[in-house]
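Summary of the model geometry
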Amino acid sequence: KIDAFIFDLDGVITDTAEYHYLAWKALAEELDIPFDRAFNEQLKGVSRTDSLELILERGNKQQDYSDVQKEQFASKKNEHYVTLIEQISPQDILPGIKELIDDIKKEGIAIGLASASKNALSVLESLGLRESFDTIVDAGKVAQGKPHPEIFLTAAEQLHVDPAHCIGVEDAASGVTAIKGAGMFAVAVGDGSILSHADYIVHSTDQLDFQTIIRLYKE
Ligand code: B16
Ligand code: MG
C-alpha cells in the first residue's frame, strides 16, 4: 500500500539545479575557485551554507573569510539565484512530472515536497503547482540537511503516513541517502553511477511512469 509520494524539487520537478549551478559558478569564479559540473553534483540537495563551505574547501579558502563574509557570499549567491528563477513559469515543469502528479492524484495518494531550498515555495508557485502538494516541509525548520533523513521523515509526519508506505523521488546522491535512511522506497532521476543506492533509477523525468513505480514498489 502506498500512502504518499514525496518529491525533491530542484532537478526533479523543475531544473532549478541549473540556476543553482550558474549562481554558484559565478560566485566561485569571483573567489578564484575552480568550479565545474562534476563538482556541482556534490552540491545538489546540500543546503546553501553547506554548499558554500564545500566550495571554499575546494579552493582551500575556508579559513580565509570570517563568518560575516561567508554570510555575505551566501546572500550574494541567493540574490543572483532569485533573479534567475524570476523567469520560471509552468512551462518549466520537467517532462512527465505533470502526468505523474495527475496519476498519483487519481489514485488518491498524497503528495509532499521535501526540498532543502528556502526558495521552494516561491518556485512551486511560479510553476503553478502549489495546489498539487498536500504538504511542504519548510527547509528552515529542519535541523539536519540531506543526507540526513529528517526532511523526508518530517514530510511523512506532516502527511500522517508511515514512511515505509512512502516513495521518495530525488536527483541527488545525498537525497537518495536521505530517502533510504527514512525507510522509504527511493526513485532516482539521473546518472546511475552516482545514484546506485536508489531502488529504481531512470535517466530523465519523462521516464517516470506511475504504473512502473508502483509495480517495482510492490515487488
Ligand atoms: P536555497 P532540493 C536544494 O534543493 C538544491 O538541490 C541545492 O543545490 C541548494 O543549495 C539547496 O536546495 C538550498 O537552496 O539556497 O534556495 O535555500 O534539491 O533539495 O530541492
Ligand atoms: Mg534535487
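It should be noted that the structure appears before, not after, this text.
The present account deals with the structure reproduced in this document. If you're wondering where the values come from, they're calculated on a predicted model, not measured in any experiment.

Its volume calculated, the largest pocket comes out at about 720 Å³. Along the wall of the largest pocket there are 39 residues; nearest its centre are Val-46, Ser-47, Arg-48, Thr-49 and Ala-116. The set of elements that each furnish at least two residues to the lining of the largest pocket consists of helix 1 (16-30), helix 3 (48-58) and helix 4 (67-85). Looking at the lining of the largest pocket element by element, the count peaks at eight residues for helix 4. Partitioning the lining of the largest pocket into residue classes produces 12 nonpolar, 14 polar and 13 charged. The computed volume of the second largest pocket comes to approximately 320 Å³. Elements represented by at least two residues in the lining of the second largest pocket include exactly helix 1 and helix 2 (37-41). When its residues are assigned to classes, the lining of the second largest pocket shows six nonpolar, six polar and seven charged.

Looking now at the nonpolar core. Generally speaking, soluble globular proteins have nonpolar side chains that are buried together. Core analysis: the largest hydrophobic core is formed by 39 residues, its most contacted members being Phe-5, Phe-7, Ile-13, Leu-113, Phe-133 and Leu-208. Apart from residues no more than four positions distant in its own chain, Ile-13 is found in contact with Phe-7, Asp-8, Asp-92, Ile-93, Leu-94, Ile-97, Leu-113, Leu-127, Leu-129 and Phe-133. Grouped together as the second largest cluster of nonpolar side chains are 22 residues, Ala-110, Ala-155, Ala-178 and Ala-182 included.

This next bit is on the sheet that holds strand 3 (residues 135-136). One open sheet holds the six strands; their spatial order is 3-2-1-4-5-6, and the pairing between them is parallel. Each end of this open sheet is capped by a strand with a single partner; those strands are strand 3 and strand 6 (200-202). In terms of strand pairing, strand 1 (residues 4-7) meets strand 2 (residues 110-113) through four bridges, oriented parallel. Directly across from Phe-5, in strand 2, lies its bridge partner Ile-111.

In this section: the packing of helix 1 against helix 3. Two numbers describe how helix 1 lies on helix 3: the axes approach to 11 Å, and their chain directions differ by 40°. With respect to helix 3, the axis of helix 1 lies oblique. Crossing of helix 1 against helix 3: the hand is right-handed. Contacts between helix 1 and helix 3 involve Trp-24, Leu-27 and Ala-28 from the first element and Arg-48, Ser-51, Leu-52 and Ile-55 from the second. A per-class count over the contact of helix 1 with helix 3 returns five nonpolar, one polar and one charged.

Procedures and definitions
Residues numbered from 1 in each chain as written. Chains lettered and ligands numbered in written order. Predicted model: local features only at pLDDT ≥ 70, side-chain atom pairs only at ≥ 80, totals over all residues. Heavy atoms only, no water. 1 Å grid on protein atoms, 1.4 Å probe; cavity = no way out; pocket = protein on both sides within 12 Å on 5 of 7 lines; lining within 4 Å. Points joined across faces, edges and corners; volume = space filled by probe spheres on them. Helix = DSSP H or I, 4+ residues; strand = E, 2+ residues; numbered from the N terminus. Nonpolar A, V, L, I, M, F, W, Y, C, P; charged D, E, K, R; others polar. Core = buried A, V, L, I, M, F, W, Y, C linked by side-chain atoms within 4.5 Å. Buried < 20%, exposed > 50% of the residue type's maximum accessible area, 1.4 Å probe, protein only. Contact = heavy atoms within 4.5 Å. Pairing = 2+ DSSP bridges. Axes fitted to C-alpha atoms, helices over the stretch in contact; angles between N-to-C directions. Parallel < 35°, antiparallel > 145°, perpendicular 65-115°, else oblique. Left-handed = near helix turned anticlockwise from the far one by under 90°.

Purely spatial values, then, with no claim about function.
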